[in-house]
Every structure is written in structure tokens, then in C-alpha cells.
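# A closer look at the structure
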Amino acid sequence: QVQLVESGGGLVQAGGSLRLSCAASGRTFSTYTMAWFRQAPGKEREFATAISWSGGMVYTYYADSVKGRFTISRDNAKNTVYLQMNSLKPDDTAVYYCAVAPLRLGALSRYDEYDYWGQGTQVTVSS
């Protein structure tokens, strides 16, 4: 089992920045993907970004809506994945969820490809 806890959400003005954290606990895997999804009011949960690693290889993937503004990164020592969000827009307002897909690599953009989820953290961007 893997437990995920997101943090770092809050209220920010348009053009501002936030950094989200996802701390993982429980068993670890040598190959897996961690991702950030988001769900805005009245909309389906959508893929934002993912990071995959296996051995010494690391890959990142971004949805078109966040490319150039969001950056996903990891800290293996802390077993944590981060989402740096810059140039935030009101359309970025959503609950952001961290997810893990053990033993899988690639641009996993569907929510049903992930086995573990955090509780979510609210991000609100004002005009």
C-alpha cells in the first residue's frame, strides 16, 4: 500500500506562483509514475503532468494547458514529488490530486491508470 498526502494549495492572484508537494509513504517501487491531476468545479478530473522513473532514467510529461508554466520534480531522499506552478490563471483553479501508478512508465494521462490517490489540495486563482 502507498499513502499520499498533498500540501501547498491556497489562494493566489493571477500571475502568481504556488508549489504543491506530494509526500509518499508505504512501500516503494523501482519503476513507477507519479502524476498530478486536477478537477475544477463542474468539470472532469484532468491530467496535468507526470514524472516516471526506472533505474537511472527519468521522464516528464505535461498537458498542453500547463506546458511552459508548470514544472514537476522529485526528491527521492524525501520520497516527495513537487509541482511548481507559475503564471497562474483563474482557469487553473481546481482541486489538485497526486497519484501513483506502480510499475508503469509513460505518459499516463487517464485517471484509471493510477492505483493510489491523495486527498487533494485546493488551488484558487483570483482575477
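This text goes with the structure placed above it.
Reference entry: report on the structure contained in this document. Remember, predicted model here, so these are calculated numbers, not experimental data.

### Re the pattern of salt bridges
Within the structure shown, the criterion is met by five salt bridges. A salt bridge links Glu46 to Arg38; the shortest N-O distance between them is 2.8 Å. In this structure, Arg38 and Asp92 form a salt bridge, with 2.8 Å as the shortest nitrogen-oxygen distance. Remark: Asp92 occurs in the loop between strand 8 (80-85) and strand 9 (94-102) and Arg38 occurs in strand 4 (residues 31-39); sequence separation between them is 54 residues. Using a relative accessible area of 5% as the deciding quantity, one classes Arg38 as buried. Three or more residues are tied together by salt bridges with common partners; here these are Arg38, Glu46, Arg69 and Asp92.

### Observations regarding the sheet that holds strand 7 (residues 70-75)
The four strands lie next to each other as 1-3-8-7, forming an open sheet whose pairing is antiparallel. Single-partner strands in this sheet number two, and they are strand 1 (2-7) and strand 7. In this sheet, adjacent strand axes meet at a mean angle of 20° when their direction is disregarded.

### Some details on the state of the cysteines
All told, the structure shown has one disulfide when counted by the stated rule. Two residues share a disulfide in this structure: Cys22 and Cys98, whose sulfurs sit 2.0 Å from each other. Every disulfide takes its handedness from the sign of the S-S torsion; for Cys22 and Cys98 that torsion is -80°, giving left-handed. Here Cys98 lies in strand 9 and Cys22 lies in strand 3 (residues 18-26), a separation of 76 residues in the sequence. Neither residue differs from the other here; Cys22 and Cys98 are each classed as buried.

Rules behind the numbers
Numbers given to residues run from 1 along each chain, matching the order in which its sequence is written. With the structure being a predicted model, the display of local features is reserved for residues of pLDDT at least 70 and the display and counting of side-chain atom pairs for 80 or more, all residues being used for whole-chain, interface and lining totals. Just so you know, side-chain values use all the structure's heavy atoms and leave hydrogens and water out. What makes a salt bridge here is a side-chain nitrogen of Lys or Arg within 4 Å of a carboxyl oxygen of Asp or Glu, nothing more. Think of it this way: any DSSP run of H or I at least four residues long counts as a helix, any run of E at least two long counts as a strand, and we number them from the N terminus. For each residue, the accessible area found with a 1.4 Å probe, counting protein chains only, is set against the maximum for its type, and the residue is called buried under 20%, exposed over 50%, and partly exposed in between. DSSP bridges decide pairing: two strands pair if at least two such bridges lie between them. In this analysis, axes come from line fits to C-alpha atoms, helices being fitted only over the stretch in contact, and the angle between any two N-to-C directions falls in the range 0 to 180 degrees. Criterion for a disulfide: a pair of cysteine sulfur atoms within 2.5 Å.

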